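Observations on the model geometry
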Amino acid sequence: MSAARPPEGGHTAAEGGGVPRRALTPSAALDDDGRPLWRAFLAFLVPMLGANLLQSLSGTVNNIYLGQMLGVHALAAVSSFFPVMFFFIAFTIGLGAGASVLIGQAWGAGEVERARAVVGTTLTVGVLGGLAVALFGGLFTRPLLAALGTPADILPDATAYARIILVAMPGVFVFLLSTAMLRGVGDTVSPLLTLLISTVLGLLLTPALIRGWGGLPQPGVSSAAWATVVSFVVATAWLAWFLRRRRSPLAPNAALARHLRIDAALLAKVLRVGLPTGIQMIVVALAELAVLALVNRHGSQATAAYGAVNQVWGYVQFPAISISIAASILGAQAIGAGRLDRLGAIVRAGLGINLALTGSLVVLGYLFSRPLMGLFITSAPVVDMAQGLLHVGLWCCVVFGMAGIFSGIMRASGTVLVPTAVSVGCIALVELPVAWLLDRHWGLAGIWASYPAAFCAMLALQSAYYRFVWRRRPIRRLV
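The residue numbering used here restarts from 1 in each chain and proceeds along that chain's sequence as written. Only residues with pLDDT of at least 70 get local features here, since the model is predicted, and only at 80 or more are side-chain atom pairs given and counted; chain-wide, interface and lining totals rely on the full set of residues. Calculated side-chain values reflect all of the structure's heavy atoms, with hydrogen atoms and water omitted.

Notes on the nonpolar core
As a reminder, the rule being used: The criterion is simple. A nonpolar core is a set of buried Ala, Val, Leu, Ile, Met, Phe, Trp, Tyr and Cys residues joined through side-chain atoms within 4.5 Å. Under the scheme applied here, a residue whose accessible area is under 20% of the maximum for its type counts as buried, over 50% as exposed, and between as partly exposed, the area being computed with a 1.4 Å probe on protein chains only. A helix here means a DSSP run of H or I that spans at least four residues, while a strand means a run of E at least two residues long, and both kinds are numbered starting from the N terminus. The contact criterion used throughout is that any non-hydrogen atoms of two residues lie within 4.5 Å.
In terms of nonpolar packing, the biggest core is built from 102 residues, with Phe-41, Trp-313 and Trp-448 touching the most fellow members. When residues in this core are grouped by element, the largest group, 17 residues, is from helix H11 (residues 300-336). Non-local contacts of Trp-313, meaning those with residues more than four positions away in its chain, are made with Leu-390, Gly-393, Leu-394, Cys-396, Cys-397, Trp-448, Tyr-451 and Phe-455. Counting 32 residues, the second largest nonpolar core, distinct from the first, contains Leu-54, Val-84, Phe-173 and Val-221.

Digging into the confidence of the model for the chain
Regions with low pLDDT carry predicted coordinates that are not meant to be interpreted in detail. How we decide: Across the chain, each position has a pLDDT score giving the predictor's confidence in that residue, from 0 to 100.
Confidence in the prediction of the chain, expressed as mean pLDDT, is 82, and 90% of residues score 70 or more. Ranking the elements of the chain by mean pLDDT puts strand E1 (residues 3-4) last, at 36, and helix H15 (residues 396-411) first, at 93. Here residues 1-26 is a poorly scored stretch, pLDDT under 50, and it has 74 contacts once near neighbours within four places are set aside; other chains count.

Remarks on the environment of Val-189
Tracing the sequence through the fold places Val-189 in helix H7 (residues 189-211). Residue classification places Val-189 among the partly exposed residues on the basis of a relative accessible area of 39%. Counting along the chain gives 139 residues from Val-189 to Gly-50, while the straight-line C-alpha distance between them is 9.3 Å.

Topic: the packing of aromatic side chains
Quick reminder of the rule: To pair, rings of Phe, Tyr and Trp, with the six-membered ring standing in for Trp, must have centres within 6.5 Å; the planes then decide the type, stacked if under 30 degrees apart, edge-to-face if over 60, and tilted in the middle.
Taken as a whole and assessed by the stated rule, the structure comprises 10 aromatic pairs. The interplanar angle of 55 degrees and the centroid separation of 5.2 Å between the aromatic rings of Trp-313 and Tyr-451 together place this pair among those described as tilted. With a gap of 138 residues between them, Trp-313 in helix H11 and Tyr-451 in helix H17 (residues 444-468) connect regions that are remote in the sequence. On the basis of relative accessibility, which here comes to 6%, the residue Trp-313 falls in the buried class. Taken together, a centroid distance of 5.6 Å and an interplanar angle of 25 degrees make the contact between Tyr-466 and Trp-470 stacked. Here Tyr-466 matches Trp-470 in class, with each residue buried. Three or more aromatic residues joined by ring pairs make a cluster, and in this case those are Trp-313, Phe-400, Tyr-451 and Phe-455.

Structure representation (structure tokens):
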């Protein structure tokens, strides 16, 4: 592994024994064609952002169908499961993040077989983890939801919905890992097309099952779960075919099949980057479970409002999350190609794009807050409740995005422990205590006020560590 020590002004390219640059690298971070980096950044980002938005749209459309066609209780039943699902896929998100960094560095250095080896190890671990979740979920779904304080009037429907999703987790894990790892080689178009197929299928299947079109069964709240599973299976099969047709370096073929095993050395490197990220996601999920438990104490209407607000927050946060991922991947490719001089420019471009995109969505969220809540909820009092909660902290999504960019660029070099500790500490020591304390004094609005407090602390600490510590350290390739 090569290393380069940055001067006081920032990173420079490696000298003497540095990482060789690869002319084929499809990385916007490496272009020298005179374009402003933010334009090249957007060319990489827009397909990924579209894919993430489509993924969220699938869940949103299902929730709209449930809320409008089956009522508030159906929406509350599905909303009560969201933190549980997020908890179980947290490890997969971390695994995909770690793999995409290693793949990005290998791809930037022109080592295609090395990239395939990372993919094979990651997919094997993901499938085994999905099988474990499916077994656990199938056996303990109802006790788990009951332990979270899910209101009794929605517990049966929530259990039926959750069990279907949990049993299907092996396929969901493969889907999530595949799209994450493709981005490591600069392919953001294939995940976009795959999510488009999945979303369209969800749009058609959910109402068809709810109404029983064409003689289909009518499983009620579980309609959304069955539609989600079917759409993921079909979309994943199409992705495999599409990658083979395009002769993608990560296509499921004989070259990749040789690596479908667990390489202990590679897995250790993936986990070195991905495990802290997964732990962070798990802590986020646990925090959401704790917040949900506080919300559930206010009744099923509050749970429904929580679900509607989370849907809008998810859309506003997607640009921020996508920009952070793009910064991490472009940074990894730049490190692999020995272009350390581009890292600071990637950060600056990401911050500017986050301010423009996420900030614009925040403004729209405030301007159209009531119609947005009305998409999910038909009860006027619940709409009023949800609108008030949305107003409390939607603005802090911009701050969340800025913190994510700093942690993302540091993750590209394998620096994850301190950024993860910062995020976990802000959630555990700021968000949860503030939510508990303010709930006692302000009720639901106090719970939502905990998010701005945590995100502002996170930005201050992440940016300080990036500027005063990380920028002064040598940068090393991981693979």
